[in-house]
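If you want the building blocks of each chain, they are given just below.
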Amino acid sequence: MKTTINQTSKLTLAILISGALSFSSCDKFLDEKPSKSSDLVVTTTDQLDALLNRYSTFYTEGNRTAIYSTDDYNFTKQIYDARPGSFSMAAVEFALWDIDYIQDDTRENFWRNEYTKIFNANMVLENLSRVSGSQADKDRLKADAHLIRAYSYLALVNTYCLPYTEANKNELGLPIKLTTSFEEPTARAPLHAVYTQIESDLAEAQKMPVPLVQQGRARHWRANTAAVNGFAARYYLVRNDYNKALDFANKALTEYSTFVDYNTDMRYGRSSTVNINTGTPQAETVTLKFPYTHDNQSDFTDMLQWKEFLYFRMLNHESWWYIPSQELIDLYDKTNDLRYEYHFVEGYSYDRGMTKPAYNWPGYVFFYKDRVPSGPTVAEMTLIKAECQARLDQGAAAMATVNTLRAKRMKPGVWVNLQASSKEDAIKKVLEERRREMPYTQRWSDIRRFNNNDYAGDDVLLSRSFYPYNASSVLRDQPLKTYQLSKDSRRFAVPIPRTEIISSQGIIVQNNY
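Residues numbered from 1 in each chain as written. Predicted model: local features only at pLDDT ≥ 70, side-chain atom pairs only at ≥ 80, totals over all residues. Heavy atoms only, no water.

1. Thoughts on the overall build of the protein
Helix and strand counts for the protein come out as 19 helices and 11 strands. Relative to its length of 513 residues, the protein is compact, with a C-alpha radius of gyration of 23 Å against a globular reference of 24 Å. For the C-alpha atoms alone, the extent of the protein along its principal axes is close to 80 × 50 × 50 Å. When burial is assessed residue by residue, the protein has 58% of its 513 residues classed as buried. A sequence separation of at least 24 residues applies to 71% of the contacts in the protein between residues at least 6 apart. For the protein, the accessible area works out to roughly 20,500 Å², and carbon and sulfur atoms hold 48% of it. Looking at the protein, you have 61 positive and 62 negative side-chain charges, and the mean spots of the two groups are 2 Å apart. (Helix = DSSP H or I, 4+ residues; strand = E, 2+ residues; numbered from the N terminus. Rg over C-alpha atoms; globule rule 2.2 N^0.38 Å. Buried < 20%, exposed > 50% of the residue type's maximum accessible area, 1.4 Å probe, protein only. Contact = heavy atoms within 4.5 Å. Areas by Shrake-Rupley, 256 points an atom, 1.4 Å probe, with all protein chains shown as cover. Lys, Arg positive; Asp, Glu negative; His and termini not counted. Charge placed at Lys NZ, Arg CZ, Asp CG, Glu CD.)

Spelled out as structure tokens, the structure:
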């Protein structure tokens, strides 16, 4: 008997399946293209496969907290004064850990987008028992959907909820949605229940029968065994369970450990020229050098060919400027670190309009101007392995592990191999390398766990000096204030958008500050 789903679910499924052909540049990476259909009845595993094949629904993560709220992001009076128009009020609010106005930003879509992914995962899981198709396909789709759901719940809980501790475990968590029904309760479950759900989904995802490499090709835009193990390693690192995180990182690396070698695989792409200080004695034309990964805004080929991915996810910045802090910049060996050479575009502020008077500041550029890899990669697994080894007092092993990554990121020379004089020094060196390798994408999550583990040596106090502000403007005529985010601040739970609270008719409640 054919089974239909509710009207909203049918509409969503029709849109997603119909759009599955829109990424023709990536056809050569896919085994088969889902067919466009006007039939809104879900009857086959092929239809559900088409839903998950449309990676544009799942790959992007517009997490403004990750972009603006850490010490990787440069937000100072000086850079703001250079061109206030470069900064939205949302940028100001997220950079200063606002609790008063941020919830009314109607363009904040991270919550909604991650729950859309959860909805689509639930759609697959609800229909698996009703559709035709092989059991192997059903098993694969089931594990795939569970990974999607676990991944989104971890992203959400790491943003909108307090860090998990024994003291916090009964604090407000998230609404746990396991169906597509609008009748399902939307009240926020306790924090511990969210983590229990993530672990339940992870256990189901671990039944994934499909490896990352299929017929000689890494297929990271869909769930696979390396992706599941990589996500598990990330999850257990968040929980400060170093033995489990190390075990899963090793499993992921045992399956797949291919690096991008920046000495041979990275290169410059198209450069651009900008005229600065026009009409003044200081007028000049400046050339901006971009990595080749910047060149294609809409062609996904380079992203899908990035061979370190275990699972295809990208942090997305709508304002197109990852502004590196001086603290982040100072972590790099500017002479020998190829990550600095290729990803830090000198004078990028000119590209963002700071041309008269000219204000010179770099930008961090990876894929085009807006996307930075945020899904599990070989590099992340290597760093998780090294950090766990260091924290488990295996300093020499930790340095050997982290140096395998540095050899692929640095020019050859004596500066490649790090050495540690103590457990504390090993931890410090690995965490610095982690920050160099993954700015923005993991720093917010890292600060949360650093401030809630049993090692005070990596606690982080966030602080900025900036003007007062209100809901609509920065008050530049008033004295500067000091804004801080202490290690035990309740603001580590970001305010939930008010639109979500209203649409739930008040069932979803706001965080307490």
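2. Let's talk about the sheet that holds strand β1 (residues 60-61)
On the basis of which strands lie adjacent, the open sheet formed by three strands has the order β1-β6-β9 and mixed pairing. Unpaired on one side and paired on the other, β1 and β9 (371-373) mark the two borders of the sheet. In this structure, β1 lies alongside strand β6 (residues 314-316), joined through two bridges in parallel fashion. Looking at the pairing, Thr 60 lines up with Met 314 of β6. (Pairing = 2+ DSSP bridges.)

3. Quick notes on the environment of Glu 126
Here Glu 126 lies in helix α6 (residues 110-127). In this structure the C-alpha to C-alpha distance between Glu 126 and Lys 356, which are 230 residues apart in sequence, comes to 57 Å. Beyond its immediate sequence surroundings of up to four residues, Glu 126 is in contact with Thr 179, Thr 180 and Ser 181. In terms of polar contacts, Glu 126 uses its side chain to reach the backbone amide nitrogen of Thr 180, at 2.7 Å. (Polar contact = N/O pair within 3.5 Å; in protein donor to acceptor, adjacent residues only side chain to side chain.)

4. Side note on the pattern of salt bridges
Under the defined criterion, the tally for this structure stands at 45 salt bridges. Across the pair Asp 265 and Lys 307 runs a salt bridge, and its minimum N-O distance is 3.2 Å. In this pair, Asp 265 sits in the loop between α10 (242-255) and β4 (272-276) while Lys 307 sits in the loop between α11 (301-304) and β6, placing the two residues 42 residues apart along the sequence. (Salt bridge = Lys/Arg side-chain N within 4 Å of Asp/Glu carboxyl O.)

5. Some details on the packing of helix α16 (residues 395-406) against helix α17 (residues 423-437)
Look at α16 against α17: their axes get within 10 Å of each other, and the N-to-C directions meet at 20°. Considering their axes alone, α16 and α17 lie roughly parallel with respect to each other. Considering how the two elements wind past one another, α16 and α17 form a crossing that is left-handed. Between α16, through Gly 395, Ala 398, Met 399, Val 402, Leu 405 and Arg 406, and α17, the contact on the second element is made entirely by Ala 426, Lys 429, Val 430, Glu 433, Arg 436 and Glu 437. In terms of residue class, the contact of α16 with α17 is built from six nonpolar, one polar and five charged. (Axes fitted to C-alpha atoms, helices over the stretch in contact; angles between N-to-C directions. Parallel < 35°, antiparallel > 145°, perpendicular 65-115°, else oblique. Left-handed = near helix turned anticlockwise from the far one by under 90°. Nonpolar A, V, L, I, M, F, W, Y, C, P; charged D, E, K, R; others polar.)

6. Structural notes on the nonpolar core
In this structure, Leu 174 and Phe 312 are the most contacted members of the largest nonpolar core, which totals 155 residues. Phe 312 has contacts with Tyr 55, Tyr 59, His 220, Trp 221, Phe 300, Met 303 and Leu 304, leaving out every residue within four places of it along the chain. (Core = buried A, V, L, I, M, F, W, Y, C linked by side-chain atoms within 4.5 Å.)

7. So, helix α2 (residues 45-53)
Of all nine residues that make up α2, eight are buried, and the element is covered over most of its length. Along α2, the residues classified as buried are Thr 45, Gln 47, Leu 48, Asp 49, Ala 50, Leu 51, Leu 52 and Asn 53.

8. Observations concerning the side chain of Gln 47
Its location among the elements puts Gln 47 in helix α2. According to the relative accessible area criterion, Gln 47 is buried, its value standing at 13%. Polar side-chain contacts of Gln 47 include one of 3.2 Å to the backbone nitrogen of Thr 44.

9. Some details on the environment of Ile 508
Note on placement: Ile 508 falls in the segment after α19 (498-503). Ile 508 sits 52 residues away from Ala 456 along the chain, and the two C-alpha atoms are 35 Å apart. Aside from chain neighbours lying at most four places away, what touches Ile 508 is Trp 111, Pro 175, Thr 186, Arg 188, Ile 496, Glu 500 and Ile 501.

10. Focus: the packing of α2 against helix α7 (residues 135-160)
At a minimum axis distance of 11 Å, the contact between α2 and α7 shows a crossing angle of 30°. When the axis of α2 is compared with that of α7, the two are roughly parallel. Between α2 and α7 lies a crossing of left-handed hand. Of the residues in α7, those in contact with Thr 45, Leu 48, Asp 49 and Leu 52 of α2 are Asp 137, Lys 138, Arg 140, Leu 141, Asp 144, Ala 145 and Ile 148. The residue makeup of the contact of α2 with α7, split by class, is five nonpolar, one polar and five charged.

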